[in-house]
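In case you want the letters, here they are:
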Amino acid sequence: MDATIDSSGATGRIPIHQAKSIGGLSDPLFVGALWASGIFVLILLGLIIAQLFLGGLPALQEFGLDFLWTASWNPVTEKYGALVMIYGTLFSAVIAVVVALPLSFGIAFFLTEIAPQPLKRPIGVAVQLLAAVPSIIYGMWGFFVIAPLMAAYVQPPLIDLLGPIPVLGALFQGPPLGSGMFTAGLILAVMIVPFITAMFVETLESVPPMLKESAYGVGCTTFEVYRNVSVPYGRTAMVGAVMLGLGRALGETMAVTFVIGNATRLSASLFAPGATIASTIANEFPEAPIGSLKLTSLLQLGFILFVISFIVLALSRALVRSRLD
Amino acid sequence: MASLAARRAKDTTVKVVSTGFAVLAILLLAWILLTLVAKGLPALGLSVFTNVTMPPGQNGGLLNAIVGSLIQIAIALAIGGPIGIFAGTFLAENGKGTKIGSAARFVNDILLSAPSILVGLFIYQLLVVPFGGFSGWAGSLALAILVIPVIVRTTEDMLNLVPVGLREAAFALGAPQWKVVMMVTWRAARAGIVTGILLAIARAAGETAPLLFTSLGNNSWSVNLSKPMASLPIAIYQYAGSPFDDWVALAWAGALLITVGVLVLNVVSRLVLARSH
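Cut-offs applied
- Residues numbered from 1 in each chain as written.
- Chains lettered and ligands numbered in written order.
- Predicted model: local features only at pLDDT ≥ 70, side-chain atom pairs only at ≥ 80, totals over all residues.
- Heavy atoms only, no water.
- Helix = DSSP H or I, 4+ residues; strand = E, 2+ residues; numbered from the N terminus.
- Rg over C-alpha atoms; globule rule 2.2 N^0.38 Å.
- Contact = heavy atoms within 4.5 Å.
- Buried < 20%, exposed > 50% of the residue type's maximum accessible area, 1.4 Å probe, protein only.
- Axes fitted to C-alpha atoms, helices over the stretch in contact; angles between N-to-C directions.
- Parallel < 35°, antiparallel > 145°, perpendicular 65-115°, else oblique.
- Left-handed = near helix turned anticlockwise from the far one by under 90°.
- Nonpolar A, V, L, I, M, F, W, Y, C, P; charged D, E, K, R; others polar.
- Patch = residues over 30% accessible without salt bridge, like charges linked within 9 Å, V, L, I, M, F, W, Y side chains within 5 Å.
- Areas by Shrake-Rupley, 256 points an atom, 1.4 Å probe, with all protein chains shown as cover.
- Salt bridge = Lys/Arg side-chain N within 4 Å of Asp/Glu carboxyl O.
- 1 Å grid on protein atoms, 1.4 Å probe; cavity = no way out; pocket = protein on both sides within 12 Å on 5 of 7 lines; lining within 4 Å.
- Points joined across faces, edges and corners; volume = space filled by probe spheres on them.
- Expected span 1.5 Å × (residues − 1).
- Bend = angle between axes of the 7 residues up to and from the residue.
- Buried area = accessible area lost by both parts, 1.4 Å probe.
- Polar contact = N/O pair within 3.5 Å; in protein donor to acceptor, adjacent residues only side chain to side chain.
- Phe/Tyr/Trp six-rings, centres within 6.5 Å; stacked < 30°, edge-to-face > 60°.

Here we come to the overall build of chain A. Scanning chain A from N- to C-terminus turns up 14 helices and two strands. Its C-alpha atoms give chain A a radius of gyration of 27 Å, more than 25% over the compact-globule value 20 Å for 325 residues. In terms of its C-alpha atoms, chain A occupies a principal-axis envelope of roughly 95 × 70 × 35 Å. Residue pairs at least 24 apart in sequence account for 74% of intrachain contacts in chain A once pairs closer than 6 positions are excluded.

In structure tokens form, the structure reads like this:
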């Protein structure tokens, strides 16, 4: 800009044709960099999906779509299938959501309606810090602290009490190992509660005060207003929040790897060891040399996980945005 | 409808249970922290910072892992920071209302929550396989991809809070866009952008899964980015699962370091943001 003023001479006025080029070359460059960065983010997702798909292609050619519903994972016979891991991924994530949902409803109710103003922020931040604790720390805590407690105090009475019941009892079979689906699901629940709660609170705070006051005006209790006015008002976004929690739980790796037991066989029991897609990739990768069928099968698993996560996260986003926009 | 007494009782019950849930969440956080302090603090001697990882029983430390983590986080930020800030600026300024802008915002939201282990696999396929080996560069790039969405999201959100009038005033003075962005909008949203970077560091510091297939870990001293590089999370993962007591103790010491670091970064970023508003 200074250069342009200098060249305009003693009058101090900038001729219009010169004024137009004030930005010079720097502005197209800068704006170009902005666009390039935006487009880079846009294609990054495509690149990741393409690499995983291409990497897993040999496994797809070898096993075909049977890969999806084959339960065996046998490095000796080189027969690989994803069923056990897909089942484990969904099962552990569903346990997590089932446990996290009432907790999140309660904490969001507490934060929006009960907590005294000065306590609201510190408690909200403390809940959010649960999301900041790294995954591997949850893994260690789960492995060294929670799993032994589960094996000693939680699982034996549940197995004794509920195991003999027909049908339902299938969920409570096997030895109380401590690690397994249930423990993994519980740890995942603690990890996703902050995400779900934060979005619940955000949604609940956007409920028009007039609606709530009208309900109070006709004599509703705090809980009745929450249950019959606030939650129905934010329903769509809240379903989206739960989907986000589900999406997060599906792909969690380190915490699950420590506590799920890493057994590649199917079991209906909550207490049986299992495996998720992410934990299998983390565990089996060191024994999968470049070019091996095992490695391509792991990449194929990664591709499947990406597709599942993508669907859940995209759905979550659509639901949340539909309310906020 | 139930009697007033019954409705009141229900209301009170739900309030008590909800408060209990909130207390439970805080107790869980306290429990995790206390576990880390109880198991990590006794092992957290000076040798943790001065010695490199060694075979069991030889008083090893975590020096190479700590340095490796710092190097990889720094490179990840050097790469991901500018891209993230530029992409976030794009979303808040040029990309607003365009198809490319909303598509990029959608993709960024997905990347923010996508499983981090898949980013590791992606870099493995992209760099480790073709270039024939695990390396610090690969680990750094994997972390860069993980920090980008965090920075993009915070930058965009924070720039959206800057009043349009400020931009209009700057444009009206004849400033080109690079000047408006760098000297007006970025400056106005400085605290928010710094917050995003702090959160990105916190995320990169704790990520383990993407490093498993990229920088792999290294049990001897190495700052060569073309070779496998140690990192704190990988060292913890390796040691926590080992049968040696001194290794497990070191894993707890490392876990305490990472968690305290990450939580402090989170709290500081909130304070930076709170002070600016």
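In this section: the overall build of chain B. Regarding its fold elements, chain B presents twelve helices and zero strands. N-terminal to C-terminal, the α/β element order of chain B is α-α-α-α-α-α-α-α-α-α-α-α. Taken over the C-alpha atoms alone, chain B extends approximately 70 × 65 × 35 Å along its principal axes. In chain B, which comprises 277 residues, the proportion classed as buried is 55%. Taking all contacts inside chain B whose residues are at least 6 apart in sequence as the whole, residues at least 24 apart take part in 74%.

The next point concerns the packing of helix H5 (residues 116-128) of chain B against helix H6 (residues 136-160) of chain B. Each pair of packed helices can be described by the angle between their axes along with the distance between the axes. Residue and element names in this part refer to chain B. At a minimum axis separation of 9 Å, H5 and H6 run at an interaxial angle of 135 degrees. Classified by the angle their axes make, H5 and H6 are oblique. With respect to the hand of their crossing, H5 and H6 are arranged in right-handed fashion. Along its contact with H5, which presents Ser116, Val119, Phe122, Ile123, Leu127 and Val128, the element H6 presents Ala138, Leu141, Ala142, Ile145 and Leu146. When the residues that make up the contact of H5 with H6 are grouped by side-chain class, the tally is ten nonpolar, one polar and no charged.

The next subject is a nonpolar patch on the surface. Nonpolar side chains collect at one region of the surface, where Ile39(A), Ile43(A), Leu47(A) and Ile100(B) lie side by side and expose about 290 Å² of accessible area between them. If one sorts the elements of the nonpolar patch by residue count, helix H3 (residues 26-63) of chain A sits on top with three residues.

This next bit is on empty space enclosed by the protein. All names here are of chain A. Here the structure, examined in full by the defined rule, presents three cavities of 30 Å³ or more. Volume-wise, the largest cavity comes out at about 50 Å³. Lining the largest cavity, in full, are Val84, Tyr87, Met181, Ala263, Arg265, Leu266, Ser267, Ala272, Pro273, Gly274 and Ala275. A breakdown of the residues in the lining of the largest cavity according to their chemical character gives eight nonpolar, two polar and one charged.

So, about H3(A). Residues and elements named next belong to chain A. Helix length check: H3 (38 residues) gives 54 Å between terminal C-alpha atoms against 56 Å at 1.5 Å per residue, within 8%. Along H3, the sharpest change in direction is near 45 degrees and occurs at leucine 57; proline proline 58 comes one to four residues later. Positioned one or two residues after H3, glycine 64 has a phi angle of 65 degrees, which is positive.

On to the side chain of Ser18(B), then. Among the structural elements, Ser18(B) can be located in helix H1 (residues 4-40). A relative accessible area of 3% places Ser18(B) in the buried class. The contact partners of Ser18(B), leaving out residues within four places of it in the chain, are Gly106(A), Phe109(A), Phe110(A) and Ile114(A).

The next point concerns the interface of chain B and chain A. Each side of the interface is counted separately: chain B has 80 residues, and chain A has 82 residues. Summed over both sides, the interface between chain B and chain A buries roughly 7,500 Å², with carbon and sulfur atoms accounting for 80% of that surface. Counting every contact that joins chain B to chain A gives two salt bridges. If you look at where chain B meets chain A, you find ten residue pairs in polar contact (both at pLDDT 80 or more). Looking at the side of chain B that touches chain A, the element that brings in the most residues is H1(B), giving 19 residues.

Quick look at H6(B) now. Residue and element names in this part refer to chain B. Taking 1.5 Å of rise per residue, 25 residues should cover 36 Å, and H6 covers 36 Å from first to last C-alpha, within 8% of that figure. A maximum bend of about 25 degrees is found in H6 at valine 147, where proline proline 149 lies one to four positions downstream. Where burial is concerned, most of H6 is hidden: 20 out of the 25 residues are buried.

Before going further, it helps to spend a moment on the pattern of salt bridges. Pairing between side chains becomes possible if they bear opposite charge and their charged atoms approach one another. Following the criterion strictly, the structure yields nine salt bridges over all chains and no others. Here Glu113(A) ties to Lys212(A) by a salt bridge, and the two come within 3.2 Å at their closest N and O atoms. Note that Glu113(A) is positioned in helix H5 (residues 83-114) and Lys212(A) in helix H9 (residues 209-217), a separation of 99 residues in sequence. Given the relative accessible area of 17%, Lys212(A) is considered buried. A salt bridge links Asp109(B) to Arg153(B); the nearest nitrogen and oxygen atoms lie 2.9 Å apart. Here Asp109(B), found in helix H4 (residues 99-113), pairs with Arg153(B), found in helix H6; they are 44 residues apart in sequence, far enough to count as distant. Overlapping salt bridges bring together Arg317(A), Asp109(B) and Arg153(B) as one network.

Another point: the packing of aromatic side chains. In total, this model carries 26 aromatic pairs over all chains according to the counting rule given. Ring geometry for Phe86(B) and Trp186(B): centres 5.7 Å apart, planes at 75 degrees, overall edge-to-face. Pair noted here: Phe86(B) is in helix H3 (residues 63-92) and Trp186(B) is in helix H8 (residues 177-188), with a separation of 100 residues, a long-range link. Judged on exposure class, the residue Phe86(B) and its partner Trp186(B) are both buried. An aromatic cluster is built from Phe143(A), Phe144(A), Phe258(A), Tyr237(B) and Trp252(B), whose rings are joined through pairwise contacts.

So, about the packing of H4(B) against H6(B). Residues and elements named next belong to chain B. As a packed pair, H4 and H6 sit with axes 8 Å apart at the nearest point and diverge in direction by 130 degrees. Judged by the angle between their axes, H4 and H6 are oblique. The handedness of the crossing between H4 and H6 is left-handed. The residues of H6 that touch H4, namely those facing Arg105, Asn108, Asp109, Leu111 and Leu112, are Ile148, Pro149, Val150, Val152, Arg153 and Glu156.

Treat this as a map of the structure, not an account of what it does.
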